[in-house]
Amino acid sequence: MSLPAEQRWRGTIASRGLALGAAVVGGIAVMRARAKGTPAEEWAALAAAVRRTTARLRTLAATADALTAEILEIQTALLEDEALLEPARDAIAGGVAADRAWADALQALIADYEAEDDEYFRARATDLKDLRDSVARALMGADDVPDATGSHDAAILVAQDLTPTRFLETDWSRFGGAALFGGSATSHVAMLARSRGIPMLVGVDGDLSGIAQGIQAVLDAESGWLVLMPAEETRAQFAAMAAAHAHIAQEEARFLAPPAVTARGRRIQVQINADNPAIVAGVTPAHCDGIGLTRTEFLFHGPALPDEETQLRTYAGLVRWAAGRPVTIRTLDAGGDKPIAGLTPDDEANPFLGVRGVRLSLARPEVFAVQIRALVRAAALGPLKVMCPMVTVPAEMARVRTLFVQAVRRLQAAGVACAMPALGMMVEVPSAALRAQDFPVDFYSIGSNDLVQYVTATARDNPALASLHDPRDPAVLDLIGRVIAVGAATGREVSLCGDMAADPDLLSLLLGLGLTTVSVAPAALARVKAAIARYDG
Ligand code: PEP
Ligand code: MG
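Residues numbered from 1 in each chain as written. Chains lettered and ligands numbered in written order. Predicted model: local features only at pLDDT ≥ 70, side-chain atom pairs only at ≥ 80, totals over all residues. Heavy atoms only, no water.

**What about the side chain of Glu252?**
Step number 1: Among the secondary structure elements, Glu252 is positioned in helix H8 (residues 232-253).
Step number 2: Despite its burial, Glu252 pairs with no opposite charge, the nearest such side chain being Arg534 at 5.1 Å.
Step number 3: The contacts of Glu252, once residues within four sequence positions are left out, are Ala526, Arg527 and Ala530. (Helix = DSSP H or I, 4+ residues; strand = E, 2+ residues; numbered from the N terminus. Buried < 20%, exposed > 50% of the residue type's maximum accessible area, 1.4 Å probe, protein only. Lys, Arg positive; Asp, Glu negative; His and termini not counted. Salt bridge = Lys/Arg side-chain N within 4 Å of Asp/Glu carboxyl O. Contact = heavy atoms within 4.5 Å.)

What follows is the structure, given as structure tokens:
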């Protein structure tokens, strides 16, 4: 009898890592039949199911980290919105069973979200599916949380998509990773997977219905492959790759605690990028030199814009965590590939060249003012630094400085504790990189992700242009070198917080250009500090 042939399917990497194990196919709710009652009974049953689901979300949120609690709060708020239940209530009044009425109402809403051009809204459809299934399960008394009990290796969760609550209810000590046939790398689930180091592929290009429970699978979320029924040779390759990864990680771990110093004794500041506040919880503050970038966009993805107190709590939490180390907060960088409904323009032909970053903040002073007040209040608590994204001309930073100074004066007059933070700029627009010396700033942070995109005129999210989208392009390196030289001549700190800094080969080039501060994802800290120790230039 011949062995079944290995199957390889491509996927998009949402969270890096490797796993091998039995596929556990999840995501299909098991519904039991339920008898239909009178409209009043049906409405009471649906209302009770909604109440039970809300209570369950609250229980989960009570023990969750800040990011998770925020996601669960979004779901709770959706569920508590009367408008969500109205179509189902009408259908029930017309004689439809509660489960059918609920499923139809949610399906219509999900279809609307899925038809959106905007990836952010498409990703939110997953939250609605999560609610649809959670309430349906409460109504039916069914449970479909995948369980890998009985498998020997860590299992691999394989599903069409995974919702945030399903992710949170899954016991990840039993799963080595997840392969999703739908999903998006910008979804909440992908964020959760990254922050917890669970390897995950999304958009796997294959046939989910053909996967049998328990079939052996290799999840290669380092190069973007799901391999089913791996051949002996593939398993051997996987084992070698996993062993090499484990060995390298062990070697690099030795460099995590001590300060980063090159082989010739040059001290390099290594800070972390905080894409959300929860991510710092897994980092020992003494293992880094503070926070070099906080992407505040995460605060603006709820159903409403975050108020001053909410923002202050978040910034103050980061300052407390850093315990005297610098904390760099970036003002809102919405627009481009990070639209925010109701805030960013939705009719731009080319959003990457549109009203993005500081351009948007200056165009929406009422929104910017809230963030500025929260930032200057947090600056009274520790060494907070603030930087603006997508700065193009010096006048933008002059305007920002005026707004900060005015906010400090007003708050002081009102007796509110506050301080003027150091004000810096992201250098990611070529014109700003060419004339960095002209900008009224205290420090520079090079955003290489966007700088590469704008210098080489290649969209950062277009894989077809990957060969042109090259951080090694001499024009990119020239501009980075120029900004470093301006920093040295003017005594202003220069750091680099784009992905380039986390690649050991590219990092050598940057250190060769004289860079002394980098900011990287927490997961890359040990790797980057080890690469610095090896650098002998
Ligand atoms: C960058 O552009 O390099 C950067 C760090 O910012 P973002 O990736 O958030 O645009
Ligand atoms: Mg950028």
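**Focus on the site of ligand 1**
Step number 1: As a matter of local geometry, ligand 1 sits amid 15 residues, with Arg295, Arg330, Asn449, Asp450 and Arg460 nearest to it.
Step number 2: Within the contact set of ligand 1, an oxygen atom lies 3.4 Å away from a side-chain nitrogen or oxygen of Arg356.
Step number 3: Contact between ligand 1 and Ser448: an oxygen atom at 3.1 Å from a main-chain N or O atom of the residue.
Step number 4: With the chains in place, 99% of the 290 Å² that ligand 1 exposes on its own is no longer accessible.
Step number 5: Residue contributions to the shell around ligand 1 peak at three residues, all from helix H14 (residues 448-456).
Step number 6: Of the residues that constitute the shell around ligand 1, the class distribution is three nonpolar, four polar and eight charged. (Near = heavy atom within 4 Å. Polar contact = N/O pair within 3.5 Å; in protein donor to acceptor, adjacent residues only side chain to side chain. Areas by Shrake-Rupley, 256 points an atom, 1.4 Å probe, with all protein chains shown as cover. Nonpolar A, V, L, I, M, F, W, Y, C, P; charged D, E, K, R; others polar.)

**Some details on the sheet that holds strand E4 (residues 155-159)**
Across a sheet, paired strands are connected by hydrogen bonds in the backbone, their directions being either parallel or antiparallel.
Step number 1: Reading across the sheet, the eight strands line up as E1-E8-E7-E3-E4-E5-E6-E2 and stay open at both edges, with mixed pairing between neighbours. Unpaired on one side and paired on the other, strand E1 (7-10) and strand E2 (12-15) mark the two borders of the sheet. Recorded for the sheet is a direction-independent mean angle of 30 degrees between the axes of neighbouring strands.
Step number 2: Where strand E3 (residues 18-25) and E4 come together, three bridges link them in parallel fashion. Paired with Val24 across the strands is Leu157, a residue of E4. (Pairing = 2+ DSSP bridges. Axes fitted to C-alpha atoms, helices over the stretch in contact; angles between N-to-C directions.)

**Quick notes on empty space enclosed by the protein**
Step number 1: The tally for this structure, following the rule as stated, stands at three cavities of 30 Å³ or more.
Step number 2: In this structure, the second largest cavity is lined by Phe300, Leu332, Leu343, Leu360, Ser361, Arg364, Val367, Phe368 and Gln371.
Step number 3: Going through the elements one at a time, helix H10 (358-363) and helix H11 (365-379) are the ones with two or more residues in the lining of the second largest cavity.
Step number 4: Among the elements that line the lining of the second largest cavity, the one with the most residues is H11, at three residues. (1 Å grid on protein atoms, 1.4 Å probe; cavity = no way out; pocket = protein on both sides within 12 Å on 5 of 7 lines; lining within 4 Å. Points joined across faces, edges and corners; volume = space filled by probe spheres on them.)

**What about the domain arrangement of the protein chain?**
Step number 1: Taken domain by domain, the protein chain comprises domain 1 (7-28 + 145-250), domain 2 (39-140) and domain 3 (254-534).
Step number 2: The gap between the C-alpha centroids of domain 1 and domain 3 is 32 Å. (Domains from an automatic or database assignment.)

**Topic: the coordination of the magnesium ion (ligand 2)**
Step number 1: On the protein side, the magnesium ion (ligand 2) has Glu428 (OE) and Asp450 (OD) as donor atoms, found 2.0 to 2.2 Å from it. Of this pair, Glu428 sits in the loop between strand E13 (422-427) and helix H13 (430-434) while Asp450 sits in helix H14; the two residues are 22 residues apart in sequence, bridging distant segments of the chain.
Step number 2: Among the residues examined, Asp450 registers a relative accessible area of 3% and is labelled buried. (Donors = N, O, S within 2.8 Å, 3.2 Å for Na, K, Ca; no water.)

**Description of a negative patch on the surface**
Step number 1: Taken together, Asp112, Glu116, Asp117, Asp346 and Asp347 make up a surface patch of like negative charges.
Step number 2: Relative to the helices and strands, Asp347 is located in the loop between strand E11 (327-330) and H10.
Step number 3: Among the residues examined, Asp347 registers a relative accessible area of 65% and is labelled exposed. (Patch = residues over 30% accessible without salt bridge, like charges linked within 9 Å, V, L, I, M, F, W, Y side chains within 5 Å. Charge placed at Lys NZ, Arg CZ, Asp CG, Glu CD.)

**Side note on the packing of aromatic side chains**
Step number 1: Inspection of the entire model under this criterion finds three aromatic pairs.
Step number 2: Feature note: the residues Phe167, Trp172 and Phe175 constitute an aromatic cluster, connected by ring pairs.
Step number 3: The ring of Trp225 has Arg8 lying over it, and the distance from NZ or CZ to the ring centre is 5.5 Å.
Step number 4: Lying across the ring of Phe443, Lys385 places its NZ or CZ 4.5 Å from the centre. (Phe/Tyr/Trp six-rings, centres within 6.5 Å; stacked < 30°, edge-to-face > 60°. Lys NZ or Arg CZ within 6 Å of the ring centre and 35° of its normal.)

**Brief notes about the environment of Val393**
Step number 1: Mapped onto the elements of the fold, Val393 is located in the loop between strand E12 (384-388) and helix H12 (394-413).
Step number 2: Between the alpha carbons of Val393 and Ala47 there is a distance of 55 Å; along the sequence they are 346 residues apart.

**Quick notes on H14**
Step number 1: Along H14, eight of the nine residues are buried, which leaves the element largely enclosed by surrounding structure.
Step number 2: Turning to H14, its buried residues number three or more, namely Ser448, Asn449, Asp450, Leu451, Val452, Gln453, Tyr454 and Thr456.
Step number 3: After H14 finishes, the residue Ala457 shows a positive phi value of roughly 50 degrees.

**Considerations on the pattern of salt bridges**
Step number 1: Under the definition given, this model contains 23 salt bridges.
Step number 2: Where Asp104 meets Arg100, a salt bridge forms, and the shortest distance between an N and an O atom there is 3.0 Å. Taken together, the residues Asp104 and Arg100, both in helix H4 (residues 98-114) and four residues apart, mark about one turn of the helix.
Step number 3: The exposure class of Asp104 is partly exposed, given its relative accessible area of 41%.
Step number 4: The exposure class of Arg100 is partly exposed, given its relative accessible area of 46%.
Step number 5: Note that Asp333 is salt-bridged to Arg330, the shortest N-O span being 3.5 Å.
Step number 6: The exposure class assigned to Asp333 is buried, which follows from its relative accessible area of 1%.
Step number 7: Residue classification places Arg330 among the buried residues on the basis of a relative accessible area of 3%.
Step number 8: Via salt bridges that share partners, Glu297, Arg330, Asp333, Lys338, Arg356, Asp450 and Arg460 belong to a single interconnected network.

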